[in-house]
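Given next are the chains, with one letter for each unit.
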Amino acid sequence: MTGLLCKKPPYGGLTAIDLNTRKVLWDRPFGSARKNGPFGIPSMLPVDIGTPNNGGGVVTASGLFFIAAATDDILRAVDIRTGKEVWQEKLPADGQATPMIYEANGLQIVVINAGGHDFMETPIRDYFIAYALPAASN
């Protein structure tokens, strides 16, 4: 009746596993409560409760993992060695899509479709946002 999930948080997460040893390197909630709350009322709290997510991530050669699949319209960069979030940017709409990375004239570019998702109940929009990474991040 409240519109909340029937389990305690985290509702979504990121986990890094060493494929050689099969050991979990780190495990953390993914997604904030910013746009979620009971009865569909956003809490606006920047608390990492881990939200349901839909969409993949992409890793740069330097070990940055870019992902925006949560329901809080934020694109994040996570250090794959530590699981620490090192950057975030609010998108004009939710990014339930896998970002892509490409290189142009020696500059590394991250692009995300911030288009929302009907099933995830995030507003449908039509944005493609590109970010140029600093040379040290390439």
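Preceding this paragraph is the structure being described.
About the cut-offs
- Residues numbered from 1 in each chain as written.
- Predicted model: local features only at pLDDT ≥ 70, side-chain atom pairs only at ≥ 80, totals over all residues.
- Heavy atoms only, no water.
- Pairing = 2+ DSSP bridges.
- Helix = DSSP H or I, 4+ residues; strand = E, 2+ residues; numbered from the N terminus.
- Axes fitted to C-alpha atoms, helices over the stretch in contact; angles between N-to-C directions.
- Phe/Tyr/Trp six-rings, centres within 6.5 Å; stacked < 30°, edge-to-face > 60°.
- Buried < 20%, exposed > 50% of the residue type's maximum accessible area, 1.4 Å probe, protein only.
- Salt bridge = Lys/Arg side-chain N within 4 Å of Asp/Glu carboxyl O.

1. Points about the sheet that holds strand β5 (residues 74–79)
At step 1: In space, the 4 strands of this open sheet follow the order β3-β4-β5-β6, with antiparallel pairing throughout. Taken across any chain shown, the strands that pair with only one partner, and hence form the sheet edges, are β3 (57–59) and β6 (85–90). Direction aside, neighbouring strands of the sheet carry axes that sit 15 degrees apart on average.
At step 2: Taken together, the 5 bridges between β5 and β6 define a ladder with antiparallel strand orientation.

2. With respect to the packing of aromatic side chains
To describe a pair of aromatic rings, one takes the distance between the centres and the angle between the planes.
At step 1: Enumeration according to the criterion identifies 2 aromatic pairs in this entry.
At step 2: A ring pair is formed by Phe66 and Trp87, whose centres lie 6.2 Å apart and whose planes are at 65 degrees; its orientation type is edge-to-face. You can see Phe66 sitting in strand β4 (residues 64–67) and its partner Trp87 sitting in strand β6, a full 21 residues away along the chain.
At step 3: By relative accessible area, which is 29% here, Trp87 ends up partly exposed.
At step 4: Centroid distance Trp87 to Tyr131: 5.3 Å. Interplanar angle 75 degrees. Geometry classified as edge-to-face.

3. A short note on the pairing of strand β7 (residues 100–104)
At step 1: Summarising the sheet, β7 and strand β8 (residues 107–114) pair through 5 bridges and their orientation is antiparallel. The residue of β8 that forms the bridge with Tyr102 is Ile109.
At step 2: Connecting the antiparallel pair β7 and β8 is a turn made up of 2 residues, with Asn105 showing a positive phi of about 50 degrees.

4. Thoughts on the pattern of salt bridges
At step 1: Tallied over the entire structure, the rule returns 5 salt bridges.
At step 2: Between Asp72 and Arg76 there is a salt bridge whose closest N-O contact spans 2.7 Å. Across this residue pair, the class does not change: Asp72 and Arg76 are buried.
At step 3: Ionic pairing is found between Asp79 and Arg81, a salt bridge with its closest N-O pair at 3.6 Å.
At step 4: Since its relative accessible area comes to 16%, Asp79 is described here as buried.
At step 5: Three or more residues are tied together by salt bridges with common partners; here these are Arg28, Asp72, Arg76 and Glu85.

This is a description of form; function is not addressed.
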